[in-house]
Amino acid sequence: MFRILELIGIKSCLLFLFLVLLVYYIRTRPPKNFPPGPWALPFIGDWHHMDFSRVHLQFAEFAEKYGRIFSVQFFGPRAVVLNGNKLVRQAFVHQGEDFLDRPYLPMSADVIGDKGLIMSNGYAWKEQRKFALHTLKKFGFGNRSLEPSILQECRHLNEAIANEQGKAFDPHWLINNAVSNIICMLVFGERFEYSNDDFQSLLKTINEIFLLQGGPWPQLYNMFPWIMRRVPGPHRKLITLLNGVIAFVRQKIEDHRVDLDPSNLRDYIDCFLDEMEKWKDDEAAGYDKENLCYCTLDLFVAGTETTSTTLYWGLLYMIKYPEIQRKVQEELDRVVGSSRQPSLADRENLPYTDAVLHETQRFGNVLPLNLPRSATKDVQVGHFSIPKGTMMVGSLTSVMFDETEWETPHTFNPEHFLDAEGKFRRREAFVPFSIGKRVCLGEQLARMNLFLFFASLLQRFSFSLPGGVKPNLEFRLGFTLSPKPVRLCAVPR
Ligand code: HEM
């Protein structure tokens, strides 16, 4: 090594290093009037500042220090983080068209390209989002015709939980399976028994993918894709796991192709296959086999993990605050009784239960940093200039814990959603599904699921920890913010 240095000459080496740094600086220096942020190092950006186990809280600290619009460089290119209800609303709603796109992320691009519903942009995204919403509505998405199937699934879940006979168990996988069955019925046309080991292992794979996605490896991959594609590490595991879920979806599509009957379309996959013929001449609209796979994958994965994580948080809050649990149960007993299941029609007569569920979503904050967007053109936010293509993070944490919006932002307090007469009240800063044109596609389904599952669980069981201990509500930050696994008791009422 020293011999090589001697040969080339130390001065030449230093000059070369200087030139590399200069080119790097010129290529990556923030544009004029760009939002401020922590002091980034060459190549690794703000990596050295970041604690991946609590990035959403770190962003709140950066907002205190640098202001409600700040920039940070650790997802790859420099990103701008927007904080607080007014600012996120200004950008995603009032300037919605300027921030409609998803950014280019090498890892996701390497596995799914620009396909699917979540990461696609432009014409294909618009067309596929419209088609997905329209098709899922035909099968009851967001309207009452799906209710009987959800109520049936609630009964299956209750039965499985009753089989635990009040002993300590981790409800995660049962809830996961039950919630997943609803989206599975819509896209695959079938539900899976909780005793189906293959499906349970698929759910565990999806859960692991969500956990790995929040760690440092995908961020490293997005920063240095040309290196990471060639070296081993947990990012490879993530890609293998993802390919396993994709293989499951591909198989389901193949099964559907075999017995497709255009006069009897059973689910989303059937409808998509049927539609492909009509769009043969318009390739850009995305009605092809590959896109079917990734759109189905997005619906399946997004429809499973977020809702079940929210329910899991809900049960833990009920254990942590037994007086709130009691009040929910009193309301359910008074309005619904015990001889029938709670239904969607009961919702308006159950303001306290509804408020507790909303507070669970606010406080549980399962997608704390939202999904990333990018600027579709050079744009101004406040007095800052943001160049086209900049990654934008509209922090949902900053909105749902915004001290100018909530009376007691850092306390679990259902009163946030109740007026002086105890009636349910909506709040503008309640944004777990985000806002604007790219708002969660599954919001209506998630709201139905959450209400029916939560009400039905609390009607049938009282939740506690063995030995009467209170949970400490510790979280794990992956792609979602989820509780650490807990073994709890569900005692039949
Ligand atoms: C409690 C449950 C859920 C929460 C908290 C949640 C939250 C979110 C959030 C924050 C986004 C990002 C929106 C943005 O970029 O502004 C999103 C997008 C999305 N969600 Fe959900 N979601 C939930 C349930 C569901 C369900 C049940 C489905 C499936 C039917 C679903 C499908 C999607 C899809 C496809 C997108 C991408 C939309 C697009 O890019 O146009 N989500 N969700």
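Residues numbered from 1 in each chain as written. Predicted model: local features only at pLDDT ≥ 70, side-chain atom pairs only at ≥ 80, totals over all residues. Heavy atoms only, no water.

Engineer: I'd like a description of the nonpolar core, backed by residues and values.
Structural biologist: Counting 132 residues, the largest nonpolar core has Leu82, Phe188, Tyr268, Phe300, Met318, Phe453 and Phe463 as its most contacted members. Top element by residues in this core is helix α14 (residues 289-320). It accounts for 16 residues. The residues touching methionine 318, leaving out its near neighbours within four places in the chain, are Ile324, Gln325, Val328, Val356, Phe412, Phe454 and Leu458. Membership of the second largest hydrophobic core comes to 14 residues, among which are Phe52, Val55, Phe70 and Val393. (Core = buried A, V, L, I, M, F, W, Y, C linked by side-chain atoms within 4.5 Å. Buried < 20%, exposed > 50% of the residue type's maximum accessible area, 1.4 Å probe, protein only. Helix = DSSP H or I, 4+ residues; strand = E, 2+ residues; numbered from the N terminus. Contact = heavy atoms within 4.5 Å.)

Engineer: How would you summarise the packing of helix α6 (residues 122-138) against helix α13 (residues 268-278) if you had to cite specific residues and measurements?
Structural biologist: α13 packs onto α6 with a crossing angle of 130 degrees between their chain directions and a minimal axis gap of 10 Å. It follows from the interaxial angle that α6 and α13 lie oblique. Helix-helix and strand crossings are classified by hand; for α6 and α13 the assignment is right-handed. Contacts between α6 and α13 involve Gln128, Phe131, Ala132, Thr135, Leu136 and Lys138 from the first element and Tyr268, Cys271, Phe272 and Glu275 from the second. (Axes fitted to C-alpha atoms, helices over the stretch in contact; angles between N-to-C directions. Parallel < 35°, antiparallel > 145°, perpendicular 65-115°, else oblique. Left-handed = near helix turned anticlockwise from the far one by under 90°.)

Engineer: Go over the site of the ligand with me, naming the residues and quoting the values.
Structural biologist: Around the ligand, the surrounding shell holds 28 residues, and the nearest of these are Arg102, Arg129, Arg373, Ser434 and Cys440. In this structure, an oxygen atom belonging to the ligand sits 2.8 Å away from a side-chain N or O atom of tryptophan 125. The side chain of serine 434 places a nitrogen or oxygen atom 2.6 Å from an oxygen atom of the ligand. Mapped by element, the contributors of at least two residues to the shell around the ligand are α6 and α14. For the shell around the ligand, the element with the most residues is α14, which contributes 6 residues. (Near = heavy atom within 4 Å. Polar contact = N/O pair within 3.5 Å; in protein donor to acceptor, adjacent residues only side chain to side chain.)

Engineer: Now, about the sheet that holds strand β1 (residues 69-72): what can you tell me, with residues and values included?
Structural biologist: Judged by pairing direction, the sheet is mixed, and its 4 strands sit side by side in the order β1-β2-β6-β3 without closing on themselves. The open sheet has two edge strands with one neighbour each: β1 and β3 (373-374). Of the pairings in the sheet, the one linking β3 to strand β6 (residues 391-394) comprises 2 bridges and is antiparallel in character. Across the sheet, residue serine 374 finds its bridge partner in β6, namely methionine 391. Where helix α4 (residues 85-94) meets the sheet, its contacts fall on β1, β2 (79-82), β3 and β6, and the angle it forms with β2 comes to roughly 120 degrees. (Pairing = 2+ DSSP bridges.)

Engineer: Give a description of the pairing of β1 that names residues and reports values.
Structural biologist: Here β1 shows a buried face lined by Ile69 and Ser71 and a second buried face lined by Phe70 and Val72. Note: β1 against β2, 4 bridges, orientation antiparallel. Along β2, the bridge assignment pairs phenylalanine 70 with valine 81.

Engineer: Could you give an account of the coordination of the iron atom of the ligand, naming the residues involved and the relevant values?
Structural biologist: For the iron atom of the ligand, the protein supplies a single donor, Cys440 (SG), at a distance of 2.3 Å. Considering the arrangement of structural elements, one finds cysteine 440 in the loop between α17 (396-400) and α18 (443-460). (Donors = N, O, S within 2.8 Å, 3.2 Å for Na, K, Ca; no water.)

Engineer: Could you give an account of the pattern of salt bridges, naming the residues involved and the relevant values?
Structural biologist: Per the counting criterion, the structure on display carries 29 salt bridges. A salt bridge links glutamate 153 to arginine 191; its shortest N-O distance comes to 2.8 Å. With a gap of 38 residues between them, glutamate 153 in helix α7 (residues 147-162) and arginine 191 in the loop between α8 (172-187) and α9 (197-213) connect regions that are remote in the sequence. Through salt bridges with shared partners, a single ionic network connects Glu153, Arg191 and Glu193. (Salt bridge = Lys/Arg side-chain N within 4 Å of Asp/Glu carboxyl O.)

Engineer: So what about α13? Which residues, and what values?
Structural biologist: Counted residue by residue, α13 has 8 buried out of 11 residues, so it is predominantly covered. Considered for burial, the residues of α13 that qualify are Tyr268, Ile269, Asp270, Cys271, Phe272, Leu273, Glu275 and Met276. On its buried face, α13 is in contact with α6, α8, α12 (234-258) and α14. N-cap assignment for α13: the residue whose side-chain oxygen lies 3.2 Å from the backbone N of isoleucine 269 is aspartate 267.

Engineer: Explain the environment of phenylalanine 401 residue by residue, including any values.
Structural biologist: With respect to the secondary-structure elements, phenylalanine 401 resides in the loop between α17 and α18. Looking at phenylalanine 401, the relative accessible area reads 18%, which means it is buried. Put simply, phenylalanine 401 and asparagine 85 are 316 residues apart on the chain and 9.3 Å apart in space, counted from C-alpha to C-alpha. Aside from chain neighbours lying at most four places away, what touches phenylalanine 401 is Arg362, Phe363, Asn365, Trp406, Pro409 and His410.

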